[in-house]
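An overview of the molecular structure
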Amino acid sequence: MAKPSAADLAQEFAQSTLSLAPVIILGSGASAAHGVPSMNALATHLSAAHADPGWTTHETNEWTALLAELKRGVDLESALQSVRPTERQTHFIASATRQFLVPYDMNVLDTLLTDRRYLPLTRLYTHLFDSTHKTLHVVTPNYDRLAEYAADAANISTFTGFTYGHLQNRAPSSNVRITVEGRPLRTVAIWKVHGSLDWFQDSDHQIVGLRNTGSVPPGYVPLMVTPGLDKFRLTHGEPFRTILSCSDSALSSARAYLCVGYGFNDEHLQTKLVERCDRDAVPLIVLTKELSPAAKAFLSSGRCRRYLAIEEGATSGALAYTNAIPTGFTLDQPLWRLDQFLNHVIGVLA
């Protein structure tokens, strides 16, 4: 019998990992594949935003300093860490971010109305639920609602830490489920650690979830943690404290991980993942257009004991790396894309 190739072993590892119903980590690359802008585009959008004439001199100076950093080509996260915006400026940035992202998010929903198979995530959910599993966990820093839309397209229930309906409150438990004849529906639990386009807070810090609201309701501000010095302070408040606890719980009990478009640049997400990949040899799959320096450093550190990472190749294929072959090998198909990866691992969509 011929010795299996590196590609054969990678496919075997991928199938084995998916059979464990991995926790799915969605980074910005997962949304960018469907037209949702990246941080670079957001930086350009914020650069064109005008300072509020009601701001104080200090606030105007801070905004001018931020714009100067962006004009110098500094990335958005670093630029926001170089200034100290006031609370109302933080709200201004969150509102401008939301206003920018909503049309792209809605475009994805419009596309799903005509093609429910548009998002490969839908097929992934369906495949993973072709088992005895009742709950899948998704952890994401993305504000958009693509993870929810993908579940809706497959008629799968979702839970984001809020109650159901149009006026959503924070759920009393992390295990709220819809039941039919006493049986809980299959549910994708989506832990949005940096907030959602659907979440808002009023001046008394009362929190509400509103489904697919186009604009920010009067008297409310978006509950979205944007990059900057206040990032860690904001995540210590609700609902982020509870969401992060649920995210940590999911990552701590995961039997495998599947990262899509994630760059390993967020301590909120990856601390538990890194710990378990090292301590418990939990298998990890990474699919991304380009492995970030942080991802490469982690994978090559020896702390990730069982992994398959795939990025775009120089031509039309892909480059793959495993714990057995960390220097990499080529694949003749673009398996860094989730749709192509699923075609290869679980079969072409009928």
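Structure first, text after, so check above.
Residue numbers here run from 1 along each chain, matching the order of that chain's written sequence. In view of the model being predicted, local features appear only for residues whose pLDDT reaches at least 70, and side-chain atom pairs are presented and counted only at 80 or more, with totals across whole chains, interfaces and linings using the full set of residues. Heavy atoms throughout the structure, all of them, feed into the side-chain values; hydrogens and water do not.

**Here we look at the packing of helix 3 (residues 39–47) against helix 6 (residues 87–114)**
We apply this condition: Every axis in this analysis is a line fitted to C-alpha atoms, fitted for helices over the stretch in contact. Angles between the N-to-C directions lie between 0 and 180 degrees. Secondary structure elements follow DSSP: runs of H or I of four or more residues count as helices, runs of E of two or more count as strands, with numbering from the N terminus. Two helices that cross are described as forming a left-handed crossing if the nearer one is turned anticlockwise from the farther one by less than a right angle, and a right-handed crossing if clockwise. Contacts are assigned to residue pairs that have any heavy atoms within 4.5 Å of one another.
Remark: helix 3 packs on helix 6, axes separated minimally by 10 Å, with the N-to-C direction vectors making an angle of 115°. Between helix 3 and helix 6 the crossing geometry is right-handed. Here Ala 41, Leu 42, His 45 and Leu 46 of helix 3 come into contact with helix 6, specifically with Ile 93, Ala 96, Thr 97 and Phe 100.

**Things to note about the sheet that holds strand 7 (residues 187–192)**
As a reminder, the rule being used: Here, strands pair whenever DSSP counts at least two bridges between them.
The strand order across the open sheet formed by nine strands is 3-7-2-1-11-12-13-14-15, and the pairing between neighbours is mixed. The open sheet terminates on both sides in strands that have one partner only, identified here as strand 3 (157–159) and strand 15 (329–331). Going from strand to strand, the sheet's axes swing by 20° on average, the running direction of each strand aside. The sheet contact formed by strand 2 (residues 135–140) and strand 7 spans six bridges and is parallel. From the neighbouring strand, Leu 136 faces strand 7, where its bridge partner is Val 188. Packing of helix 8 (residues 146–153) onto the sheet brings it into contact with strand 1 (23–26), strand 2, strand 3 and strand 7, and relative to strand 7 it is tilted by some 175°.

**Regarding a nonpolar patch on the surface**
For clarity, the threshold we go by: Residues qualify for a patch when their relative accessible area is over 30% and they have no salt bridge, like charges being joined within 9 Å and the nonpolar side chains of Val, Leu, Ile, Met, Phe, Trp and Tyr within 5 Å. Method for areas: the Shrake-Rupley scheme with a 1.4 Å probe, in which residue coverage is limited to the protein chains shown. Here, a salt bridge means any Lys or Arg side-chain nitrogen found within 4 Å of an Asp or Glu carboxyl oxygen. Residue burial is assigned from relative accessible area. The probe radius is 1.4 Å, only protein chains are included, and a residue is buried under 20% of its type maximum, exposed over 50%, and partly exposed in between.
On the surface, a cluster of nonpolar side chains totalling about 210 Å² of accessible area is made up of Ile 178, Val 180 and Leu 185. The topology assignment puts Ile 178 in the loop between strand 4 (167–168) and strand 5 (179–180). Taking relative accessible area as the criterion, Ile 178 reaches 33% and is therefore assigned partly exposed.

**Here's the deal with the pairing of strand 13 (residues 307–312)**
Cut-off, in case you're wondering: The crossover handedness rule: strands pointing away from the viewer, path from first strand over the helix to second strand clockwise, crossover right-handed.
Extensive coverage of strand 13 is indicated by the burial of five of its six residues. Across four bridges, strand 12 (residues 284–287) lies against strand 13 in parallel orientation. In the strand pairing of strand 13, Ile 285 is matched with Leu 308. Crossover handedness for the path strand 12 to helix 12 (residues 293–300) to strand 13: right-handed. Relative to strand 14 (residues 318–322), strand 13 runs antiparallel, the two being bridged by five bridges. Paired with Glu 311 across the two strands is Leu 319, which belongs to strand 14. A loop of five residues connects strand 13 with strand 14, the two strands running antiparallel in sequence.

**So, the nonpolar core**
Selection rule: We define the nonpolar core as a collection of buried residues of types Ala, Val, Leu, Ile, Met, Phe, Trp, Tyr and Cys that are connected through side-chain atoms lying within 4.5 Å of one another.
Core analysis: the biggest nonpolar cluster contains 66 residues, and Tyr 125, Ile 310 and Phe 341 have the highest contact counts within it. The leading source of residues in this core is helix 6, at seven residues. With near-sequence residues (within four places) excluded, Ile 310 lies in contact with Val 286, Leu 287, Thr 288, Ala 318, Leu 319, Ala 320, Leu 331, Leu 335, Trp 336 and Phe 341. Membership of the second largest hydrophobic core comes to 39 residues, among which are Ala 189, Tyr 257, Cys 304 and Tyr 321.

Spatial relationships are all this shows, so hold off on functional conclusions.
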